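# A closer look at the structure
Here is how the chains run, residue by residue.
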Amino acid sequence: MELRIAPKMTTMQKLEILTDAAKYDVACTSSGIDRSGDGTGMGNTKLAGICHSFSSDGRCISLLKILFTNECIFDCRYCRNRRANDIPRATFTPDEICELTMQFYRRNYIEGLFLSSGILISPSYTMELICQVVVRLRTQYHFQGYIHVKAIPGADAELVHRTGLYADRMSINLELPTAEGLRMLAPNKNRKKILTPMRMIQALREENQNELMLYRHAPKFVPAGQSTQMIIGATPENDYQILSVAEGLYQKFGLKRVFYSAFVRVNDDAMLPALPGGPPLLREHRLYQADFLLRYYGFLAAELLSEERPHFNILLDPKCDWAVRHLEQFPVEINRADYRTLLRVPGIGVKSARRIIGARKSALLGFDDLKKIGVVLKRALYFITCGGKMMYRTKLEEDYIVRNLIDPKEQVPFSKDGMTYRQLSLFDTAVSVPFS
Amino acid sequence: MTEPINENSNEAAETILICEDSIEGILTGVYEAYELRRPHHTIRLQIGEEQNLRLFCVYHKVQPNEEKSSKVMRTIYRRFGEDAYTQICQALVSYDMEKADAVYHTIVTGISGSYRGNLMDHLSNRYVHKVFQLSRNTGIEIHHLLGFLRFKELQNGILLARYHPKNDVMALLMPHFADRLPGEDFAIYDEGRKYYAVHPKGKQWYFVRGELPFAQEQEIYTKQEAEYQMLYRHFCSSIAIAERKNLDLQRNMLPFRFRKYMTEFVQID
């Protein structure tokens, strides 16, 4: 039974509407699992993911990111597709989605499918539709590429479980960092409805990993893990709160990634902030930098920020900022320090630290060798010694180091988002901009 | 009185082995360098003809030999491990003309056993470092191309991709696509080096030397192909957030040199 109120749309029209509707969901990497094809279908995946293109906002295009439908019974204030908005609505058929995915995939346009949806009739009804698409893509079309599926908050647990057996990654958006923020801007959702399926997916993944140890060919459940997304700047939480939430998600829910999406004012709603400077891009950038520090560099959120200093430094990235506030830990001797200590030096990343440890087995390293290895000496030189000597005679003093580290052109890449140099010079070292 | 024969007349000179620019050619050169039984620091490997011939150097031309090169390959794999093997293979397809000598002396360093642990860790050695740099350069290009290569469906059902890589990476790309599209007839054409790789449906892929019999302008697509190109173009423009427009960042991530063959960037009239 097909009830049609609007004229029939072409696939092109639907694609434009439903791509536009999905574009604020940034949680779409194609990484997390290495899988070869088995010869009977089409597709494989690469662990690091592959970027197929880059859009004019500079972001990676990796998956066919669409909504199944942008009809929605919810009325979340920040969302373009909210019930109260009068915008053209469209819905794909499962076959349309499968055909698009396969045809784009074989031309090497995409790594796979990213499927989300507005809520049609009820969360469980929508989840059932999404499940159908994914099952069809895998079993009828024999697609073996990457599938990332959103779990709908409030949907039946059994549906989420069934979908997870066919998808590579599942995600549920936290949307706002605190329960209050959620209550204010998305009254149809609540924390429990979002965290419950997250917890369930985590438990099912653990169970599945045990199964796989016993029986190698057991069907895999969400092998590439879970991710989530938070909107930055729509509600007044500070950076410390946001980072603590992210840390909690990594530690307690076993998430693979947390994504941060700078708030873009798409709706004219009194509850949404005005944001005269545009979307808070620098803040989002700092959060991503801090997120990497949590995941790869062994930092804790409490080391980077605190109740007294709840915001990031706009002049220095979080790692430099930490180093400058803890000069008692430096200088670090390159030829002796262990991996964890090397990681804490500004200018030394994960790859450089590993290469240093490998290279120093056979020879004592000097500054020339460090340059070859890929260490950013411009930053690191204030914090390291090679064979006991520093590169130049520098003082281990906060003001001096910060003055040299700050290169306005280098440290603030987003000169177009409203941050002017006049603003920067008003601030002393290591003072941050309060959220306003 | 007979003249004393100068027994050292050959030893003082440097020996230069001229190899063909291919993995087989260079590894044969490595094998023959070992066959010479001379001190390794007196031997150099080179690609192609020397422009300025040097005095006191002996030049040998090396004929590629499959048996010799595969012996060297096996040794590399067994002794140095898969990681070093991959890095050396990537360095060998690089466009840099110094690759042969760098790889040769890296292998020498590894076999001599003067370093413990992973061969490619010892970046303080200038030959190992050079191989590492070449391998990284090639590796980055491969990673880009896996994403940026674009296939078009021709009227006879074959998927054709054109590209122009700096390094000769075709052999390193094909296994990925062969695994990804086993049920498709597809081909990838290297416009710079004028050869292509063909993968028939369900069979082993192979190389073909020579230019494609038709130019890009003469390609005839299926009607479906034109539609999907348009769909993808619209997809790429719909997905961008206007408030975050940043063409500099886009250019950093996607250099202009790749865009010539990417359907979403090609200007349509």
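Residues numbered from 1 in each chain as written. Chains lettered and ligands numbered in written order. Predicted model: local features only at pLDDT ≥ 70, side-chain atom pairs only at ≥ 80, totals over all residues.

### Focus: the overall build of chain A
Heads up, the condition is: Runs of H or I in DSSP of at least four residues are treated as helices and runs of E of at least two as strands, each being numbered from the N terminus. As a rule, residues whose C-beta atom has 12 or fewer other C-beta atoms within 10 Å are exposed, those with 20 or more are buried, and those in between are partly exposed; C-beta atoms are placed from the backbone. Contact between two residues is assigned whenever their backbone-derived C-beta positions fall within 7 Å.
A count of helices and strands for chain A gives 17 helices and ten strands. The buried share of chain A, reckoned over its 436 residues, is 44%. Put simply, 72% of the contacts in chain A that link residues at least 6 apart link residues at least 24 apart.

### So, the environment of Ile88 of chain B
Residues and elements named next belong to chain B. Assignment of secondary structure puts Ile88 in helix H2 (residues 66-92). Sequence separation between Ile88 and His41 is 47 residues; the distance between their C-alpha atoms is 20 Å. In this structure Ile88 touches Ile76, Val103 and Val131, once residues within four positions along its chain are discounted.

### Some words on the domain arrangement of chain B
Residues and elements named next belong to chain B. Threshold: Boundaries between domains were set according to an automatic or database domain assignment. Note on residue categories: nonpolar means Ala, Val, Leu, Ile, Met, Phe, Trp, Tyr, Cys or Pro, charged means Asp, Glu, Lys or Arg, and polar means any other residue, Gly included.
If you check the domain split of chain B, you get domain 1 (14-139) and domain 2 (149-259). Spacing between the C-alpha centres of domain 1 and domain 2 amounts to 32 Å. Counting residues at the interface gives five residues for domain 1 and five residues for domain 2. Of the residues in the side of domain 1 that touches domain 2, the class split is two nonpolar, three polar and no charged.

### Overview of the interface of chain A and chain B
Every contact between the two is made by 43 residues of chain A and, on the other side, 42 residues of chain B. Listed by contribution, the elements that provide at least two residues to the side of chain A that touches chain B are helix H1 (11-22), strand S1 (53-54), helix H2 (94-106), helix H12 (350-359) and helix H13 (367-373) of chain A. At five residues, H1 of chain A tops the list of elements feeding residues into the side of chain A that touches chain B. Of the residues that constitute the side of chain A that touches chain B, the class distribution is 16 nonpolar, 16 polar and eleven charged.

### As for the sheet that holds strand S8 (residues 206-209) of chain B
Residues and elements named next belong to chain B. Test applied: Only when DSSP finds a minimum of two bridges between them are two strands counted as paired.
Read from one edge of the open sheet, five strands run S4-S5-S6-S7-S8, paired in mixed fashion. Each end of this open sheet is capped by a strand with a single partner; those strands are strand S4 (152-153) and S8. Pairing of strand S6 (residues 186-190) with strand S7 (residues 195-199) involves five bridges; the strand directions are antiparallel. Bridging from a neighbouring strand, Phe186 pairs with His199 of S7.

### Side note on helix H7 (residues 239-253) of chain A
All names here are of chain A. What counts, and what does not: Expected helix span is given by 1.5 Å per residue-to-residue step, counting one fewer step than there are residues. For this quantity, the arc is that covered by the directions from the helix axis to the C-beta atoms.
Taking 1.5 Å per residue as the helical rise, H7 with its 15 residues ought to reach 21 Å, and the 20 Å between its terminal C-alpha atoms agrees with that figure. All buried positions along H7 are accounted for by Asp239, Ile242, Leu243, Ala246, Glu247 and Leu249. The buried residues of H7 occupy an angular sector of 155° when the element is viewed end-on, so they sit on one face. In H7, the exposed positions that point more than 90 degrees away from the buried face belong to Gln251 and Lys252. Of the surrounding elements, those touching the buried residues of H7 are strand S7 (226-232), strand S8 (257-262), helix H8 (281-296) and helix H9 (301-304). Gly254, located one to two residues past H7, shows a positive phi value of around 60°.

### Looking at the nonpolar core
One broad rule of soluble globular proteins: the nonpolar side chains tend to lie buried together. Cut-off, in case you're wondering: One nonpolar core equals one set of buried Ala, Val, Leu, Ile, Met, Phe, Trp, Tyr and Cys residues connected by C-beta atoms within 7 Å.
In terms of nonpolar packing, the biggest core is built from 171 residues, with Ile130, Val133 and Val134 of chain A together with Val103 of chain B touching the most fellow members. Setting aside chain neighbours within four positions, we find Ile130 of chain A in contact with Phe68, Leu115, Ser117, Val149 and Thr163 of chain A.

### With respect to helix H3 (residues 99-112) of chain B
Residue and element names in this part refer to chain B. Compared with an ideal rise of 1.5 Å per residue, which puts 14 residues at 20 Å, H3 spans 20 Å between its outermost C-alpha atoms and is within 8% of the ideal. Looking only at H3, the buried set comprises Lys99, Ala100, Asp101, Ala102, Val103, Tyr104, His105, Thr106, Ile107 and Gly110. Those residues of H3 that are buried are in contact with strand S1 (14-19), helix H1 (23-35), strand S2 (43-47), H2 and helix H4 (126-148). Immediately beyond the C-terminal end of H3, within one or two residues, lies Gly113, with a positive phi of roughly 75°.

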